[in-house]
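# Coordinate analysis (summary)
So you can see what is in the structure, the chains are spelled out below.
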Amino acid sequence: MKYLKVIAFTHKQIELKELGKLVICQENLTDKLHRVKQEFGISEIFYLGTCNRVEFVMITDRVVDKEFAKQFMYSLQMGLCPVSTSAFLEAAAIYENREALDHLLRTSCSLESLIVGEKEILAQLRKAYDSCREAGLTGDGLRMFMNCVVKTAKEVYTHTNISKNPISVVSLAYRKLKDLKLCTNARVLIIGAGETNLNLSKYLQKHKFTNFTIFNRTLSKAKQLAADLNGEAFDLEALKSYKKGFDAIITCTSSVEPIITPEIYAGLLNGETDRKTIVDLAVPNDTAPEVLELFPVNFIEVHSLNEVAKKNLQERYEELSDAEAIINDNITAFLLELKQRRIEVAMRQVPEKIKEIRNTAINSVFAEEVQGMDQQSRDVLEKVINYMEKKYISVPMIMAKDILINN
C-alpha cells in the first residue's frame, strides 16, 4: 500500500480549458509511459485523461513530491512552456498510501467528479487501466487495486441513490417527454441544430423515434443533423410555410426574440386542434407566452427543468455519507486482503522447499530402506508422504492468515 502514488491534475484546482493541455495523445502515450517507467524506477503505472482530470497512478518506492512531479512532467515532454508547467505543478495534488487508494475510490464513485453521480468515470478508469495493462505497464499490484476500485464503485452505484436522479436538462426533458407517452412515429419538429437539440434528438433516436424535421438558421447544419436522424432539413424561414403538421416541437436557439409566435404556431398546426407538446430549452424561451394562452400545449421549459435538476443534485449530495461509508468499509477489507496477499507471496517457496525435502528423503536419506520395500509398502508410503506434503503446504498458510485476521 505504501508504494501506491497518484499525481492528479483536476478541475478542482485547474480550469477545464487549461486541463486539455495536459492530455497526452494516444499515439505517443505508451512510449512516453514506458520511458518514464524505466527512467524513474516505477514498477507499474497507468494514465487517466478525461475532460476534467489528468492523473498518473503508479507503484514505486521513490518519494513522490512536487520535485519528483516536476522531473516526471518534463520527462514526458508534453510540449508545455516552463511557466505553464510551473502553474500546473503548483496545482497538482499528490496522494500516497491509504490516501491514494481513498482518492481512487472516490474518483471511481464520482465523488470527485465535476458532477457528482455521473457514472462515466468508472468506465473511463477501467478503459485507461486496461489500455496500460495491455501495453505491459501494469502488474499484480495495480491489478489488486483496480479490483478494489471496481468492486467499490459498483457497490456505491447499486446501494446508494447517488446516480439515480438525472441532473442534465436534456435527460430530464426526455423523461418528461416519455411521461407524455408519445408514439415512436410522432412527428417531431426540431428547431435549432445546436448541441442541446443534438443530444435530445439522440435520446429520441435511441428510443426508436423516427419522424424528424429540422429547422435551423444555417441550412447546412440542419442538413447535417437531418442526415444523422434520417429526417428533412429546412432553414428557419420555412417555419412560416411548413404544412405537414406535428405532434411535438423541440426548440433551442440563441434568438433573443420568440421563434414560435402565435402566427407561426397556428400555421404549423395546419388546422389540427389536439393538444401538442413543446419542449423549449432556450434561454430566453423561443416560445411566445401568447402561444400558451391561445392553444392547448404540454409545455416543457428549461426553467422548471433546472429546478428539478437542482433538487436532484442536492439529493445526490445527501448520498455522500453512505457512499463514503461503503468506501471506508472496502478500504478496511482491502487492507486485510493486501496483507493476506503479502503472506501468499512470501510463502510461495514453501511448496518447493517441502518437495525438495521429500525428494531428498526418498532418493538420498532413506533410499536404501525404500528400495528394500515391496510394492505394496511403497504405495502406502507414497500415500502417507503425499498426505503429509499437502498438509505441510496448506497448514502454514492457514495459520498465518488466521494469525493475521485475529490480530
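What comes next is a walk through the structure. (Residues numbered from 1 in each chain as written. Predicted model: local features only at pLDDT ≥ 70, side-chain atom pairs only at ≥ 80, totals over all residues. Heavy atoms only, no water.)

## Notes on the packing of helix α2 (residues 26-39) against helix α3 (residues 66-76)
Any two packed helices are characterised by how steeply their axes cross, that is the angle between the axes, and by the distance between the axes. Note the following rule: Axes, fitted as lines to C-alpha atoms, cover a helix only where it is in contact. Angles between the N-to-C directions of the axes lie from 0 to 180 degrees. For helices the rule is a DSSP run of H or I covering at least 4 residues; for strands it is a run of E covering at least 2, with both sets numbered from the N terminus onward. Roughly parallel means an angle under 35 degrees; roughly antiparallel means over 145; roughly perpendicular covers 65 to 115; every other angle is labelled oblique. The sense of a crossing depends on the near helix, which, turned anticlockwise from the far helix by less than a right angle, makes the crossing left-handed and, turned clockwise, makes it right-handed. We call two residues in contact when some of their heavy atoms are within 4.5 Å. Side-chain classes are defined by residue name, with Ala, Val, Leu, Ile, Met, Phe, Trp, Tyr, Cys and Pro counting as nonpolar, Asp, Glu, Lys and Arg as charged, and the others, Gly among them, as polar.
Running from amino to carboxyl end, α2 crosses α3 at an angle of 140 degrees, the nearest separation of the two axes being 9 Å. Relative to α3, α2 is oriented oblique. As for the relative orientation of α2 and α3, their crossing is right-handed in sense. Contacts between α2 and α3 involve Lys32, Arg35, Val36 and Glu39 from the first element and Phe72, Ser75 and Leu76 from the second. Of the residues assigned to the contact of α2 with α3, the class counts are three nonpolar, one polar and three charged.

## Here we look at the side chain of serine 75
In this structure, serine 75 sits in helix α3. When sequence neighbours within four positions are dropped, the list of residues in contact with serine 75 reads Arg35, Val36, Glu39 and Phe40.

## Topic: the pairing of strand β10 (residues 297-301)
Applied cut-off: Here, strands pair whenever DSSP counts at least two bridges between them.
When strand β9 (residues 276-280) meets β10, the two strands line up parallel, connected through five bridges. What sits directly across from threonine 277, in β10, is asparagine 298.

## What to know about the sheet that holds strand β4 (residues 93-96)
Within the open sheet, the four strands sit side by side as β2-β3-β1-β4. Their pairing is antiparallel. Each edge of the sheet is formed by a strand with only one pairing partner; in this case those strands are β2 (44-50) and β4. Going across the sheet, the axis of each strand differs from the next one's by a mean of 15 degrees, ignoring polarity. Relative to β4, strand β1 (residues 4-10) runs antiparallel, the two being bridged by four bridges. Among the inter-strand pairings, isoleucine 7 is bridged to a residue of β4, identified as isoleucine 94. In the packing of α3 onto the sheet, contacts are made with β1, β2, β3 (53-59) and β4, and the angle to β3 comes to roughly 105 degrees.

## Quick word on the packing of helix α9 (residues 195-206) against helix α10 (residues 219-229)
The interhelical angle for the contact between α9 and α10, taken along N-to-C directions, is 15 degrees, at an axis separation of 11 Å. Here α9 lies roughly parallel to α10, going by the angle between them. The way α9 lies across α10 gives a crossing that is right-handed. On the side of α9, the interface is formed by Leu198, Ser201, Lys202 and Gln205, while α10 contributes Leu225, Asp228 and Leu229. Looking at the contact of α9 with α10 residue by residue, the class counts come to three nonpolar, two polar and two charged.

## Details of the environment of isoleucine 24
Here isoleucine 24 shows up in the loop between α1 (16-19) and α2. Look past the residues within four positions of isoleucine 24 in its chain and what remains in contact with it is Leu29, Lys32, Tyr47, Phe56, Leu76 and Met78.

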